[in-house]
Amino acid sequence: MKIATFNINGILARHDALLAWLEEAKPDVACLQETKKIDTEFPREAFERLGYRVELHGMKSFNGVAILSKLPLEDVTRRLPGDDADEHTRWIEATVMGRRPVRVTSLYLPNGNPAPGPKYDFKLAWMERMRLRVAELLKTEEPMVFCGDYNIIPQPEDAANPKNWLTDALFLPASRAAFQRILNLGMTEAFRARDPRPGQYTYWDYQRGAWDRNDGIRIDHHLLSPQAADLLLDAGIDKAVRGHEDASRGLKPSDHVPVWIELDA
DNA sequence: ATGGTAGCGGTGCTA
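In short, a report on the structure. (Residues numbered from 1 in each chain as written. Chains lettered and ligands numbered in written order. Predicted model: local features only at pLDDT ≥ 70, side-chain atom pairs only at ≥ 80, totals over all residues. Heavy atoms only, no water.)

We now examine the overall build of chain A. Counting its secondary structure elements, chain A contains 6 helices and 14 strands. Here chain A has a C-alpha radius of gyration of 17 Å; the compact-globule value for 265 residues is 18 Å, and the two agree. Within chain A, contacts between residues at least 6 apart in sequence are counted, and of these 69% link residues at least 24 apart. Side chains of chain A carry 35 positive and 40 negative charges; the gap between the two charge centres is 2 Å. (Helix = DSSP H or I, 4+ residues; strand = E, 2+ residues; numbered from the N terminus. Rg over C-alpha atoms; globule rule 2.2 N^0.38 Å. Contact = heavy atoms within 4.5 Å. Lys, Arg positive; Asp, Glu negative; His and termini not counted. Charge placed at Lys NZ, Arg CZ, Asp CG, Glu CD.)

Shown next, in the form of structure tokens:
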């Protein structure tokens, strides 16, 4: 079972590029972030024609997550528990019915800038809510994958220029500690487990020629429950997608690229 | 210290 995560930065702007990548990479499951559309306005037809079921949790203009799956989905759950006042659409879970069922979550963790401030407080509170939700789900002892845009640079080697991020919400010690607390539940960060080499990134800013200078960061991750880690076969980053520009067809890349894992499931 | 780019939606916010 190939499970990918891809922050597309707008489903309207990325519709054709997303379709092209799905046809090329052929993931069984694609977890999307920053769809930026309410569910009734999500253009699902072309993806369904490719054979994907489409489950959505979106809002107007901001945030928005989705799970696309060629395999049947059961028990779709939307929203991260723990704060009834939180209207952000950043969390959707579903059980993917492969050879073995796998619980898959597509998540969009708050950016948190500027820090300090209310947005940073919201980020840290959201991460504690996530820790509690993951701990609850771990009790089932089922294979589970929590993937998405974590907006967390876990280690200095996950940034081309870590000094530029020292005061940023993506790299502050409290952010990385909150991420580590989730890992400490017994989770495996799949890409690092498969490929610990430094200098591999999933995001390059649109500004200042970050892509041309390879000034990237690694912030899109798959966290695996112990039972899913036992099934991990491979992991990779589809870096080339960041350079796929075709003005004649109006194709512009997202600032993130797809990251994928292969499970024996 | 500043401003640089992109998406959505039709202004300014988010990143």
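Next, the rest of the story.
Here 6 strands make up an open sheet; going across it, the order is E5-E6-E7-E8-E12-E9 and the pairing mixed. Two strands bound the open sheet, and with one partner strand each, they are strand E5 (73-78) and strand E9 (188-189). Sheet strands in contact with helix H4 (residues 173-183) are E9 and strand E12 (220-224), and its direction is about 30° off that of E12. (Pairing = 2+ DSSP bridges. Axes fitted to C-alpha atoms, helices over the stretch in contact; angles between N-to-C directions.)

Before going further, it helps to examine the environment of Val104. Structurally, Val104 can be placed in strand E7 (residues 101-108). For Val104, a relative accessible area of 0% gives the class buried. Setting aside its immediate chain neighbours within four residues, Val104 contacts Ile3, Val29, Cys31, Ile67, Ile92, Glu93, Ala94, Val96 and Val145. (Buried < 20%, exposed > 50% of the residue type's maximum accessible area, 1.4 Å probe, protein only.)

A few words now on the packing of helix H3 (residues 118-138) against H4. As a packed pair, H3 and H4 sit with axes 9 Å apart at the nearest point and diverge in direction by 10°. Between H3 and H4, the interaxial angle falls into the category roughly parallel. When H3 is examined against H4, the residues Tyr120, Lys123, Leu124, Met127, Met130 and Arg131 are found in contact with a partner set consisting of Ala174, Ser175, Ala178, Phe179, Arg181 and Ile182. Class assignment for the residues of the contact of H3 with H4 results in 8 nonpolar, 1 polar and 3 charged. (Parallel < 35°, antiparallel > 145°, perpendicular 65-115°, else oblique. Nonpolar A, V, L, I, M, F, W, Y, C, P; charged D, E, K, R; others polar.)

Two residues of an α-helix separated by three or four positions point the same way, owing to the 3.6 residues in each turn. Under the 1.5 Å per step criterion, the end-to-end length of H3 is 30 Å for 21 residues, consistent within 8% with the ideal 30 Å. Contact partners of the buried residues in H3: E5, strand E6 (91-97), E7, strand E8 (144-149), H4 and helix H6 (226-229). (Expected span 1.5 Å × (residues − 1).)

Read across the sheet, 6 strands follow the order E3-E4-E2-E1-E14-E13 without closing on themselves; strand pairing throughout is mixed. The two strands at the open ends of the sheet, each matched to only one other strand, are strand E3 (53-57) and strand E13 (232-237). Recorded for the sheet is a direction-independent mean angle of 15° between the axes of neighbouring strands. Here E13 runs beside strand E14 (residues 259-263); their pairing, made up of 5 bridges, is antiparallel. Within E14, the position partnered with Ile237 by the bridge is Val259.

Turning to unusual backbone geometry, a few remarks are in order. In this chain, Asn113 is followed by Pro114 through a cis amide linkage whose omega measures -5°. By secondary structure assignment, the location of Pro114 is in the loop between E7 and H3. The step from Ala115 to Pro116 runs through a cis peptide bond, and the omega angle for that step is 0°. Here Pro116 lies in the loop between E7 and H3. With a phi close to 55°, Glu34 is a non-glycine residue in the positive phi region. Inspection of the secondary structure assignment puts Glu34 in the loop between strand E2 (29-33) and helix H2 (45-49).

Take the pattern of salt bridges next. One pass over the structure, following the stated rule, counts 19 salt bridges. Where Arg197 meets Asp195, a salt bridge forms, and the shortest distance between an N and an O atom there is 2.8 Å. On the accessibility criterion, Asp195 (14% relative accessible area) is buried. One salt-bridge network, in which partners are shared between bridges, spans Glu157, Asp158, Glu189, Arg192 and Arg218. (Salt bridge = Lys/Arg side-chain N within 4 Å of Asp/Glu carboxyl O.)

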